[in-house]
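# Reading the structure
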Amino acid sequence: MACDVQSACWAGRHGYADSEVWGVPSRASCPVPVTSFPMTSLPAMFTCSAGSQRVPYSLVCDHRQQCADGSDETFCVFAPCSGSTPLECATSTQCVPLSALCDGQQDCLDGSDEDQCHFNVEQNIRTPPSPALVNFIPLSSTKNDQFPFLITPLSQSLDANSSSSPCPETHFQCADDGYCLPLFLLCNGVNDCPGREDEAGCGRVSCRGLYRCRGSSVCLHPTHVCDGVYQCPQDDDELFCAIACPPGCTCHGLSVVCHTPFPADMLHPDIRYLDASGSALTPSRVIDHTLLIHLSVSGCGLGSVGNLTFPNLRSLDLSHNRLHDVSAGHLRGLPNLQHLFLSGNPLQSLFDSHSQNLSFPAVITLDVSGVHMTTLDSEKFSIFPGLHTLNLSHCGVDRITGQGLLSLPALRVLDTEGCPMTHFPRDLLSGLDRLQSVAADNYKLCCQATLPPGFNLVNCRAPFDELSSCESLLRSDLYRVFLSIFAALALLGNVGCFVVRTLYLKSSKSGFSVFVTHLSLSDFLMGVYLAVIGVADRLYRGSYLWDDVGWRHSAGCGVAGYLSLVSNEVSALIICLITLDRFLVLRFPLSSLRFNTRSAHLTCTGVWLVAMVMAAVPLLPVTSHWSFYSRTGICIPLPVTRGDFPGQQYAFGVIIVLNFVLFMLIAVGQASIYAAISANSIDSVAVTDSSRKSADLRIARRLVSVALSDFLCWFPIGLLGLLAARGVAVPGEVSVGLAILVLPLNSALNPFLYTINMLLERRRRGRDERLLKQVLAQIAEEDRSV
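Each chain carries its own residue numbering, running from 1 in the direction its sequence is written. In view of the model being predicted, local features appear only for residues whose pLDDT reaches at least 70, and side-chain atom pairs are presented and counted only at 80 or more, with totals across whole chains, interfaces and linings using the full set of residues. Based on all heavy atoms of the structure, the side-chain values leave hydrogens and waters out of the count.

## What to know about helix α3 (residues 477-503)
Rule in force here: Helix and strand assignments follow DSSP, with helices taken as H or I runs no shorter than four residues and strands as E runs no shorter than two, numbered in order from the N terminus. Expected helix span is computed as 1.5 Å times (number of residues minus one). Type-normalised accessible area, obtained with a 1.4 Å probe on protein chains alone, sets the label of each residue: buried when under 20%, exposed when over 50%, and partly exposed for intermediate values. We define a polar contact as two N or O atoms separated by no more than 3.5 Å, with the added condition that, inside protein, one atom must be a possible hydrogen donor and the other a possible acceptor, whereas residues neighbouring each other in sequence contribute only through side-chain atom pairs.
Over its 27 residues, α3 extends 39 Å from the first C-alpha to the last, a length consistent with the 39 Å expected when each residue adds 1.5 Å. The set of residues buried in α3 consists of Tyr479, Arg480, Leu483, Phe486, Ala487, Ala490, Gly493, Asn494, Cys497, Val500 and Arg501. Where α3 begins, one side-chain oxygen reaches toward the backbone nitrogen of Leu478, 3.1 Å away; that side chain belongs to Ser476.

## Here's the deal with the pairing of strand β24 (residues 437-440)
In plain terms, the rule: Pairs of strands are assigned from DSSP output, requiring at least two bridges between the strands.
Summarising the sheet, strand β23 (residues 413-416) and β24 pair through four bridges and their orientation is parallel. Its bridge partner lying in β24, Thr416 is registered against Ala440. Summarising the sheet, β24 and strand β25 (residues 460-461) pair through two bridges and their orientation is parallel. Across the sheet, the residue bridging to Val438 is Cys460, located in β25.

## Quick notes on the packing of helix α6 (residues 555-587) against helix α7 (residues 597-616)
This is how it is decided: Angular values range over 0 to 180 degrees, each being the angle between N-to-C directions of two axes fitted as lines to C-alpha atoms, with helices fitted over their stretch in contact. Crossings are assigned a handedness: left-handed for a near helix turned anticlockwise from the far helix by less than a right angle, right-handed for a clockwise turn. Contact between two residues is taken to exist if any of their heavy atoms lie within 4.5 Å; hydrogens are not considered. Gly is placed with the polar residues, together with every amino acid not listed as nonpolar (Ala, Val, Leu, Ile, Met, Phe, Trp, Tyr, Cys and Pro) or charged (Asp, Glu, Lys and Arg).
Put simply, α6 and α7 touch, their axes get as near as 9 Å, and they point 145 degrees apart. Both α6 and α7 take part in a crossing whose hand is right-handed. Along the contact surface, α6 presents Tyr562, Leu565, Val566, Glu569, Val570, Leu573, Ile574 and Leu577, while α7 presents Thr603, Cys604, Val607, Trp608, Ala611, Met612, Met614, Ala615 and Ala616. Across the contact of α6 with α7, the residue classes tally to 15 nonpolar, one polar and one charged.

## Remarks on the side chain of Ser279
You can see Ser279 is positioned in the loop between β13 (273-275) and β14 (294-296). For Ser279, a relative accessible area of 3% translates into the label buried. Look past the residues within four positions of Ser279 in its chain and what remains in contact with it is Cys258, His259, Thr260, Pro261, Phe262 and Cys300.

## Description of the state of the cysteines
In plain terms, the rule: A pair of sulfur atoms, both from cysteines and within 2.5 Å, is called a disulfide here.
Scanning all chains against the criterion turns up 15 disulfides. One disulfide in the model links Cys226 with Cys241; its S-S distance is 2.0 Å. Residues Cys226 and Cys241 are joined by a disulfide whose S-S torsion is about -80 degrees; by sign, that bridge is left-handed. With Cys226 in the loop between β10 (219-220) and β11 (250-252) and Cys241 in the loop between β10 and β11, the pair connects residues that are 15 residues apart, well separated along the chain. Bridging Cys446 to Cys460, the disulfide has an S-S length of 1.9 Å. Across the S-S bond of Cys446 and Cys460 the torsion is about -85 degrees, and the bridge reads as left-handed. In this pair, Cys446 is assigned in the loop between β24 and β25 and Cys460 in strand β25, connecting sequence segments 14 residues apart. For Cys460, a relative accessible area of 11% gives the class buried.

## Observations concerning unusual backbone geometry
Unusually for a residue other than glycine, Asp235 sits at a positive phi of about 60 degrees. Mapped onto the secondary structure, Asp235 falls in the loop between β10 and β11. Located in the positive-phi region is Ala280, a residue other than glycine, with phi close to 70 degrees. Overall, Ala280 belongs to the partly exposed group, its relative accessible area being 47%.

## Considering the environment of Cys108
Relative to the elements of secondary structure, Cys108 occurs in the loop between β4 (95-96) and β5 (132-136). Taking the C-alpha atoms as reference points, Cys108 and Leu87, separated by 21 residues in sequence, lie 9.8 Å from one another. Sequence-distant contacts of Cys108, defined by excluding residues within four places in its chain, comprise Cys89, Gln94, Val96 and Asp113.

Right, here's the structure in full:
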C-alpha cells in the first residue's frame, strides 16, 4: 500500500518509527523527493541518565522531555534567538520563525506565539448536510470570514467508481450517514463526533499502515504528514520535513552517518548526531553546529584538533587519527562532555602539567587504548574527577608513577589488558570504593591486597599465574616437595659422586671417568639452582606480591638462571661426548681412536667455555633489554608457550633446537652402540684384552639406561617447544611442570646411574676376584697334596 511506504519514509526521516511501519521500503519508494533516507540501520539512540530508557538523538534538546528523568533536556544549551528564528517563546528558550506568529498553530510549546492573536471568524456559516467531508486548513491560509476547516459534500469528493465506503481512506465516518472526519481525530481525547464514538474503545489503537503520533494513540494517514498542519498532539508530524541528507550518507532525522567524504555545508544546522568516521571531516567544518551531542571523526587522518567549542557535545570520538598532543585546553569549550575516545593515536603528550588547572567533572568515560606509553603518571587523569570508566588496554604501560588513582574516587571500571604493569604503587586502587570491574594482564592487580576492601574477586579478570601466587613464589606445595627432593638428590648425589671418583676411583685412566666427573659438576650446579629457588620461596612467602619484581631483577635470580642454563648445556654436551666415547670403544675395540684422560679434560674444558658463553649472551649490553633471567620467578625462560618475549628466539635456539639435536644424536649413538655390542658378541676374532672388552660391554649396557633417561627427559621439552613455535597452544602449567618436575630429573638421577653402578660393579669384580683366588688356592693345595 502507498500509505505503508509513506509511513516508513516518514519514520526514517523523523529518526524513529512505529513498530507497525518500520522496515518497509527504502528511499527509492519514498514519495518525498527533497530528502533521501535509506532504511539500512536503526537510528542512533541517546541513553537517559537512568540507563534503562533510550530515545532517538533527533528528539534530544527539542524542548520536550522524552526521558522520564528529563535528562534529555536538562543539559542543553541553546543559542540566542536570531536569524531565521528570531522569536523567543515566553516561558522557554525555544525559538520560532516570524511566520509562526499568529498562524493558528502553536509552534511554541507554551502556546505564546498564539496568545495575543485575534481572528474574525463568522460563526453562522451554513454547512452542507451530512454525509460530508471535513478537512482542516491553516488559519494563515484562510480569509477573515472563514473557518479553519473546509466542509464539502461527499458526492463532490468521491468518484463514482469509489468503494462502498462512504469516506476516503484518510477519514472515518462518525455514524451512519454522518460527517467524514480526518483519522487524526480518532482517540485524540476530544469528542469530535456528536455521538462521541470517536473516543470509544481507545485502549491500544492499531496504526498499521499509518503513522502513530508520538506518545499518543492518534494515527495519521501519510497524506497528513508534512502537510503544513499540526495534527499530532506534540506536533511531531511536521518535524524534519525539509531536511536534506548529504549524498552517500544515512540520515534519520537529525542523526547523520557518513563514512565517505561529503559536503558538510548540506548538514542541517540543528543536527544532533554525526558519525563521520573515515570521511576525512575536520571538527572545524561543523563548528557552527552547536546542538551536536555526538561527534565521531574517527579515522579521519587528523593531525590536530584545535580548541573545540560544542556546548552540548556529550560524546567525542577522536580515535585512530594522527594526533600527537591532546591537552585540557582543547576540551575547554566542551562543558557537557561525558565520553572521550582517543584510542589508537600516536600521542606524545596527554593532558600535560598545564592541564591540571582545568577540570572536567562531567567526563565519565575515557578511552586511550592502543596509545603507546610505557610509563604513566596517574595524576594525568585528575582533571576527570567524575570518571567511571578508564580504558588503558594495549597501551604497553609497564610502570605507573604517582599516588595511584586516588584522584578518581568515582571509578567503576578499569581495563589494563595488554599492559605488563610491572611497577605500580601499592595504593594504586586503594580508596576506590566504587570500583566494580578490573581487567589486567598482571595477576597481581587481582590480588586482594591490591584491590579496595569489599571488592568481589569474581569481577577481576587477569591471566592465571601457573607458578606464583599473591603470597608465594611457588603456589603449589607439590612444587615445593619435588623441588626439595630434586635439590637434595642433585647436591648430595653429585657431591658424593665427585668424592668417590676423586678418592676411590682415581686410578682410572679412561676418558669415560673424566666425562662422568665433569657431568657430576654440571649436575651439582643444577642442585645449587634448585636450592636458590627454594630459599627464595621460603624467604618471600607471605609477601611475594610486593617482592616479585625485586626478586626477579636481583643478582641472586640472575646467577641462578645463569647456573641453570650452564648446567643444562654442559650436561647435554657431555652426555653426547660419553655416547661418542663408548661408540668408539665398542665399534673399534683394537683401535687407539678414543678419549684418554688428557683429551677428555681438554674437551670438557671447551664444553664448559662454550656453555658459559651461551649463558652469558643474554647478559651482554646489546641484549640486556631481554631481561632474560628475570622473566619468571624461577629465572628460566622456557620457550614452550605461544607468548612472545624479548630473547625468545635465542631461548628457542639454545634450549629447544640445540638440545633437541644433541639428544637426537644421542639416540642415534645408542642405536650404534647396540649394534656394536651385537657385533662384538658374535665376533670370532680373538681379543687379547678380554677383561677390557667385558668392562666396555658392561659400561655400554649401563650407558643405555642413563642416555635413555636423559633422552626421555629432554625429548618432551623439545617437542613442546616445536609445537609452540608452530602456534599450537601449550598450557602454562606444562611450562612450570617441565621446569620443576622434568628439567632437574637428570641432574638428580645421573650420579646414581653412573657412580653407584660403578661402585656396584667394582664390588662385584672384587667378589669375583676373591672367589677366583679361593679357587686357585684350593687347586694349588690339591696339587701339593698329590
